[in-house]
Amino acid sequence: MNKIHVKVTVNEDEIEYLCNSEDTLLDILRDNLRLTGTKEGCGTGDCGACSIILDDKLVCSCLVLAGEVDGSKIATIEGMATEGKLHPLQKKFLEHAALQCGICTPGILIAAKALLEKNSNPTETEVRYWLAGNLCRCTGYDKIIKAVIDAAAEMRS
């Protein structure tokens, strides 16, 4: 079987990898690049645990073939904190206790980051709509929504 050679930018770092035609981007991120913050929850794009930002679009990495992203820019949860400082969303998730077991948290944070990059002042309804693709079995979502709105306000000021 021929391997596919791919060059991408992951969290601002130039990366090259070899993959099989059936490998998902999630497989490569976790198994080859050891970026294990991105989680596999369902493998069918229904839960959002594997959410990443691919070329400025929020996607489920379990639905993207690794061989199809050559030349792309990828952002994962590992790239959210910079220079040892938490992203405002990460800080607000901690302040609002908007996380529990942690399986869904990276995907929700990435989805929230993608939202705030497109809309710096979302309404509660807009946040709920945007995060609807991310399932959490541990929380009631209210703390998550409040954390996102609070982070948005801090980021605007």
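Below you will find a few notes about this structure.

The rules behind the values
- Residues numbered from 1 in each chain as written.
- Predicted model: local features only at pLDDT ≥ 70, side-chain atom pairs only at ≥ 80, totals over all residues.
- Heavy atoms only, no water.
- Salt bridge = Lys/Arg side-chain N within 4 Å of Asp/Glu carboxyl O.
- Helix = DSSP H or I, 4+ residues; strand = E, 2+ residues; numbered from the N terminus.
- Buried < 20%, exposed > 50% of the residue type's maximum accessible area, 1.4 Å probe, protein only.
- Contact = heavy atoms within 4.5 Å.
- Core = buried A, V, L, I, M, F, W, Y, C linked by side-chain atoms within 4.5 Å.
- Patch = residues over 30% accessible without salt bridge, like charges linked within 9 Å, V, L, I, M, F, W, Y side chains within 5 Å.
- Areas by Shrake-Rupley, 256 points an atom, 1.4 Å probe, with all protein chains shown as cover.
- Polar contact = N/O pair within 3.5 Å; in protein donor to acceptor, adjacent residues only side chain to side chain.
- Axes fitted to C-alpha atoms, helices over the stretch in contact; angles between N-to-C directions.
- Parallel < 35°, antiparallel > 145°, perpendicular 65-115°, else oblique.
- Left-handed = near helix turned anticlockwise from the far one by under 90°.
- Nonpolar A, V, L, I, M, F, W, Y, C, P; charged D, E, K, R; others polar.

### Details of the pattern of salt bridges
Note on pairing: side chains with opposite charge can pair once their charged atoms come close.
Argument step 1. Scanning the entire structure with this criterion turns up seven salt bridges.
Argument step 2. Between K92 and E154 there is a salt bridge whose closest N-O contact spans 3.2 Å. Of the two residues, K92 sits in helix α2 (residues 88-95) while E154 sits in helix α5 (residues 142-156), which places them 62 residues apart along the sequence.
Argument step 3. Overall, the relative accessible area of 8% leaves K92 in the buried class.
Argument step 4. Judged by its relative accessible area of 31%, E154 falls in the partly exposed class.
Argument step 5. When salt bridges with common partners are traced through the structure, they connect K92, E95, D150 and E154 into a single cluster.

### As for the environment of I77
Argument step 1. Mapped onto the elements, I77 comes out in the loop between β5 (73-75) and α2.
Argument step 2. Considering only alpha carbons, one finds I77 and K113, 36 residues apart in sequence, at a separation of 9.8 Å.
Argument step 3. Among all residues touching I77, those that are not within four sequence positions of it are G37, T38, Q90, P106, L109 and I110.

### Quick notes on the nonpolar core
Argument step 1. In terms of nonpolar packing, the biggest core is built from 24 residues, with L89, F93, I108, L131 and V148 touching the most fellow members.
Argument step 2. Contributions of two or more residues to this core are made by α2, α3 (105-118) and α5.
Argument step 3. For this core, the element with the highest residue contribution is α3, accounting for eight residues.
Argument step 4. Discounting chain neighbours no more than four positions away, the residues touching I108 are F93, L131, N134, C136 and I144.
Argument step 5. Residues V8, C19, V64 and V69 belong to the second largest nonpolar core, which totals 15 residues.

### Some points on α2
Argument step 1. Here α2 has its buried residues at P88, L89, Q90, K92 and F93.
Argument step 2. On its buried side, α2 packs onto α3 and α5.

### Thoughts on a nonpolar patch on the surface
Argument step 1. The grouping of L86, L94 and L99 at the surface amounts to a nonpolar patch, some 250 Å² of accessible area in total.
Argument step 2. When you line up the elements, L86 lands in the loop between β5 and α2.
Argument step 3. On the basis of relative accessibility, which here comes to 39%, the residue L86 falls in the partly exposed class.

### Considering the environment of L26
Argument step 1. Considering the arrangement of structural elements, one finds L26 in helix α1 (residues 25-32).
Argument step 2. Judged by relative accessible area, which is 2%, L26 ranks as buried.
Argument step 3. On a C-alpha basis, the gap between L26 and V8 in space is 14 Å, while along the polypeptide they are 18 residues apart.
Argument step 4. With residues near it in sequence (within four places) discarded, L26 still touches T38, K39, E40, C50, S61 and C62.

### Some thoughts on the side chain of T24
Argument step 1. Position of T24 relative to the elements: it lies in the loop between β2 (13-19) and α1.
Argument step 2. At 3.1 Å, the side chain of T24 forms a polar contact with the backbone nitrogen of D27.
Argument step 3. Leave out the neighbours within four places in its chain, and T24 touches S61, C62, V64, L65 and A66.

### Remarks on the packing of α2 against α3
Argument step 1. Across the interface, α2 lies against α3 with an axial gap of 10 Å and an inter-helix angle of 130°. Taken together, α2 and α3 sit at an angle that is classed as oblique. At the point where α2 passes α3, the crossing takes the right-handed sense. Across the interface between the two elements, L89, Q90 and F93 of α2 pack against T105, I108, L109, A112, K113 and L116 of α3.
Argument step 2. Here the residues of the contact of α2 with α3 sort into six nonpolar, two polar and one charged.

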